[in-house]
Amino acid sequence: MRPILKSSKLANVCYDIRGPVLERARQMEEDGHHIIKLNIGNPATFGFDAPEEILQDVIRNLSAASGYCDSKGLFAARKAIMHYTQEKQIRNVQMEDIYIGNGVSELVVITMQALLEDGDEILIPVPDYPLWTAAAVLSGGVAQHYLCDEQSGWLPDLDDIRAKITSKTRAIVIINPNNPTGALYPKDLLCEIIEIARQHQLIIYADEIYDKILYGDAVHTSVASLADDVLFITFNGLSKNYRAAGFRSGWAVVSGEKSHAQDYIAGLNMLASMRLCANVPSQFGIQTALGGYQSIYDLTMPTGRLMRQRDVAWKLLTDIPGVTCFKPQAALYLFPRLDPKIYPITNDQQFVLDLLLEEKVLLVQGSGFNWPFPDHFRLVFLPNVDDLTEAIDRIAHFLQRYRKR
Ligand code: PLP
């Protein structure tokens, strides 16, 4: 029979967070092994429950949620998102500028597909959350990766951004707070990125899904609050701040200078209509999520579970010889560096596979975030302190053996 091949459009699309190493971990679990999973930022699976009042709203409204709704989402939910954009001082947002989707993920794909012609370029950070690169490439675009600088707390390298702009560059992506590094961007840096966008007429896509998961005295600024003469699309949702990733509920907000972008916005509207609407039941939770008790702050305060886990994981990791790591100011991840002189890794996917096989700990390799060197991995610090301690202990033992290979 003629082989059934995948589309050539997928040739360069890559999403390794759920890639071959995870597949191997699944097989090991089927064979009865217990794996400590530090690979996916899914809070609910580590006992971080979604706020009860959100669940109750969804349950209470279930009988009214069996029909399609407006393609952009329920009115009350979008109104609540509009109030949130006002709180964040995002400028020039009307109701029609708010799109609710099946998670930020769906909206990232829609916003890329509506924009990119084959060969158009888009500036995406490395390391990145790899959905951005995958969605751009799937849409025919070319991901131009700009470096974030570990030495300066993983802040975007502005010179590298400038050097990578060509006549085909259409947009720049900012992930702030950042996955996988945990960096939080200061206002003056955001202003400099806006200035670059202004000069080269680029759209700014701002992925702010971790904007409430902040540690210490960290404060988040929405880049779209800093200018009204650039087009911004800001992304957020229920998955992280409200620990409801399984609800698949996120939103995108178009703001700033929209008058020259009416054709693009018509494209967004069309793609939003083609998928009819996002999951309706979970939209009933959005108003309460945004307007209700913000229990995330109980978790991120100094005595809160998330902050304690971040501190423990960071300390244990950086105590291992040859391991250094920026201490995250936000989000749920550590992105440590393994000194190549001590750990001469050539294939970081093989490295995390070996760790899985030998120690039954699952991580994601740095190259899964498009990081160009085989010297980093990402660790999710959602498991409780006992599991984190056990896992990092095993990583330390593995590394000790790895040095002697
Ligand atoms: N953006 C970033 C930076 C993420 O880390 C994630 C998920 O881990 C997403 C977007 C996807 O979010 P959603 O669950 O809303 O699709």
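Residues numbered from 1 in each chain as written. Predicted model: local features only at pLDDT ≥ 70, side-chain atom pairs only at ≥ 80, totals over all residues.

### Observations concerning the nonpolar core
Among the nonpolar cores identified, the biggest contains 120 residues, and Ile172, Val173, Ile204 and Val223 are the most heavily contacted of them. Formed jointly, this core draws a minimum of three residues from each of two domains, domain 1 (8–49 + 298–403) and domain 2 (52–291). (Core = buried A, V, L, I, M, F, W, Y, C linked by C-beta atoms within 7 Å. Buried ≥ 20, exposed ≤ 12 C-beta atoms within 10 Å, placed from the backbone. Domains from an automatic or database assignment.)

### What about the packing of helix H4 (residues 103–115) against helix H5 (residues 131–138)?
Following both chains from N to C, one finds H4 and H5 inclined at 35°, their axes separated by 8 Å at the closest point. For the pair H4 and H5, the crossing hand works out as right-handed. Only Leu131, Trp132, Ala135 and Ala136 of H5 make contact with H4, whose side of the interface consists of Ser105, Val108, Val109 and Met112. Residue composition of the contact of H4 with H5, grouped by class: seven nonpolar, one polar and no charged. (Axes fitted to C-alpha atoms, helices over the stretch in contact; angles between N-to-C directions. Helix = DSSP H or I, 4+ residues; strand = E, 2+ residues; numbered from the N terminus. Left-handed = near helix turned anticlockwise from the far one by under 90°. Contact = placed C-beta atoms within 7 Å. Nonpolar A, V, L, I, M, F, W, Y, C, P; charged D, E, K, R; others polar.)

### Here we look at the pairing of strand E4 (residues 142–149)
Where strand E3 (residues 121–126) lies against E4, six bridges are found, and the strand directions are parallel. Across the sheet, isoleucine 122 pairs through a bridge with alanine 143, a residue of E4. Each parallel crossover has a hand, and for E3 linked through H5 to E4 it is right-handed. In this sheet, strand E5 (residues 155–156) lies alongside E4 in antiparallel orientation, the contact comprising two bridges. Counterpart to aspartate 149 in the pairing with E5 is leucine 155. The hairpin formed by E4 and E5 contains five residues between the paired strands, and glycine 153 there has a positive phi angle of roughly 70°. (Pairing = 2+ DSSP bridges. Right-handed = clockwise from strand over helix to strand, strands pointing away.)

### Observations regarding unusual backbone geometry
Among all residues save glycine, negative phi is the norm, and among peptide bonds the norm is trans. Backbone torsion omega between valine 126 and proline 127 reads -5°, so that peptide bond is classified as cis. Mapped onto the elements of the fold, proline 127 is located in the loop between E3 and H5. A cis amide bond links asparagine 176 with the next residue in sequence, proline 177, at an omega value of -5°. Within the secondary structure, proline 177 is located in the loop between strand E6 (169–175) and helix H7 (187–200). One non-glycine residue, asparagine 370, lies in positive phi territory at about 65°. Structurally, asparagine 370 is set in the loop between strand E14 (364–365) and strand E15 (377–380).

### Considering the sheet that holds strand E7 (residues 203–207)
In spatial order, the strands read E2-E9-E8-E7-E6-E3-E4-E5; together these eight strands make up an open sheet with mixed pairing. Only two strands of the sheet have a single neighbouring strand rather than two, namely strand E2 (98–101) and E5. For E2 and strand E9 (residues 250–256), the ladder comprises four bridges, and the chain directions are antiparallel. Considered in E9, the bridge of glycine 101 is made with glycine 250. The sheet contacts of helix H3 (residues 75–87) involve E2 and E9, and relative to E2 the element is tilted by about 120°. Strands in contact with H7 are E5, E6 and E7; relative to E6, the strand with the most contacts, it is inclined by about 170°.

### Brief notes about the site of the ligand
Around the ligand there are 13 residues in total, and Gly103, Val104, Ser105, Ser239 and Gly250 lie nearest to it. Broken down by element, the residue count for the shell around the ligand peaks at three residues, all from H4. (Near = placed C-beta within 6 Å.)

### Details of the domain arrangement of the protein
Taken domain by domain, the protein holds domain 1 (8–49 + 298–403) and domain 2 (52–291). Each of domain 1 and domain 2 has a C-alpha centre, and these two points are 26 Å apart. Elements supplying a minimum of two residues to the side of domain 1 that touches domain 2: helix H12 (305–318) and strand E11 (333–334). By residue class, the composition of the side of domain 1 that touches domain 2 is 19 nonpolar, eight polar and six charged.

### Considering helix H8 (residues 262–274)
For H8, with 13 residues, the first-to-last C-alpha span of 18 Å sits near the 18 Å given by 1.5 Å per residue. Of the residues trailing H8, leucine 276 is marked for its positive phi of about 65°. (Expected span 1.5 Å × (residues − 1).)

### Quick notes on the packing of H4 against H8
Put simply, H4 and H8 touch, their axes get as near as 9 Å, and they point 130° apart. One finds that H4 runs oblique with respect to H8. Here H4 runs over H8; the crossing is right-handed. Listed contacts from H8 to Ile110, Thr111, Gln113, Ala114 and Leu115 of H4 are Tyr264, Gly267, Leu268, Leu271 and Ala272. Per-class residue counts for the contact of H4 with H8 are seven nonpolar, three polar and no charged. (Parallel < 35°, antiparallel > 145°, perpendicular 65-115°, else oblique.)

### A closer look at the sheet that holds E15
Whether parallel or antiparallel, the strands of a sheet pair through hydrogen bonds between backbone atoms. Here three strands make up an open sheet; going across it, the order is E11-E15-E14 and the pairing antiparallel. Every interior strand has two partners, whereas the edge strands, E11 and E14, have only one. Taken together, the two bridges between E14 and E15 define a ladder with antiparallel strand orientation. The residue bridging valine 364 from the neighbouring strand is arginine 378, located in E15.

### Focus on the confidence of the model for the protein
Model confidence for the protein is summarised by a mean pLDDT of 96, while 100% of its residues fall at 70 or above. Reported confidences for the modelled complex are a pTM of 0.97 and an ipTM of 0.99. (pLDDT = per-residue confidence, 0-100.)

### Notes on helix H2 (residues 52–60)
Taken as a whole, H2 has its buried residues at Ile54, Asp57 and Val58. Along the long axis of H2, the arc covered by the buried residues comes to 95°, so they all point the same way. Seen from the buried face of H2, the exposed residues on the opposite side, beyond 90 degrees, are Glu52, Ile59 and Arg60. On its buried face, H2 is in contact with helix H9 (280–283) and helix H10 (286–291). (Arc of directions from axis to C-beta.)

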